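Below are the chains, spelled out letter by letter.
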Amino acid sequence: MEILFAVFALIFLGVIIGLFVNVVWLGIALVFYFVPTIVAAYKKHPQILWIFLINLFFGWSVAGWIIPLLWAFDFDKILMDFIEYRKAKNAKDATIEGEVVKETSENSSN
């Protein structure tokens, strides 16, 4: 009888430990799944509702997770600033942050 009780106690303990481990893994997975929403909330993004909805319904796909993440980081504004910077740098006599950029063209004669 004591051996039977010990076997049932070990089985019960294993089930409890297994449930605990699964709940921890589920929590980690949910936090990872909602990283775009967490970033948007932390940055107080004005479109957090849309980021959350896209993340919730399409986050299981790679694109449905990456697009809200980039949106949460305002990647479109960063990209547009970079494009404007490159255009200004490539333009002759362009002013960038108070500094005049002059580049010589390869086609000009010496």
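In this report, the structure presented in the accompanying data block is examined.

Remarks on the packing of aromatic side chains
And step 1. Within this structure, the stated rule accounts for three aromatic pairs.
And step 2. Residues phenylalanine 32 and tryptophan 65 carry aromatic rings whose centres are separated by 5.2 Å and whose planes lie at 20° to one another, so their mutual orientation is stacked. Separated by 33 residues along the polypeptide, phenylalanine 32 in helix α1 (residues 2–33) and tryptophan 65 in helix α4 (residues 62–72) bring together distant segments of the chain.
And step 3. Residue classification places tryptophan 65 among the buried positions, given a relative accessible area of 17%.
And step 4. Summarising the aromatic geometry, the rings of phenylalanine 34 and phenylalanine 52 are spaced 6.0 Å apart at their centres and angled 20° between planes, so their arrangement reads as stacked. A residue pair is termed long-range when its members are at least 10 positions apart, and phenylalanine 34 in the loop between α1 and α2 (35–42) and phenylalanine 52 in helix α3 (residues 48–58) qualify at 18 residues.
And step 5. Members of the aromatic cluster, connected to one another through ring pairs, are Tyr33, Phe34 and Phe52.

Basis of the calculations
Residues numbered from 1 in each chain as written. Predicted model: local features only at pLDDT ≥ 70, side-chain atom pairs only at ≥ 80, totals over all residues. Heavy atoms only, no water. Phe/Tyr/Trp six-rings, centres within 6.5 Å; stacked < 30°, edge-to-face > 60°. Helix = DSSP H or I, 4+ residues; strand = E, 2+ residues; numbered from the N terminus. Buried < 20%, exposed > 50% of the residue type's maximum accessible area, 1.4 Å probe, protein only.

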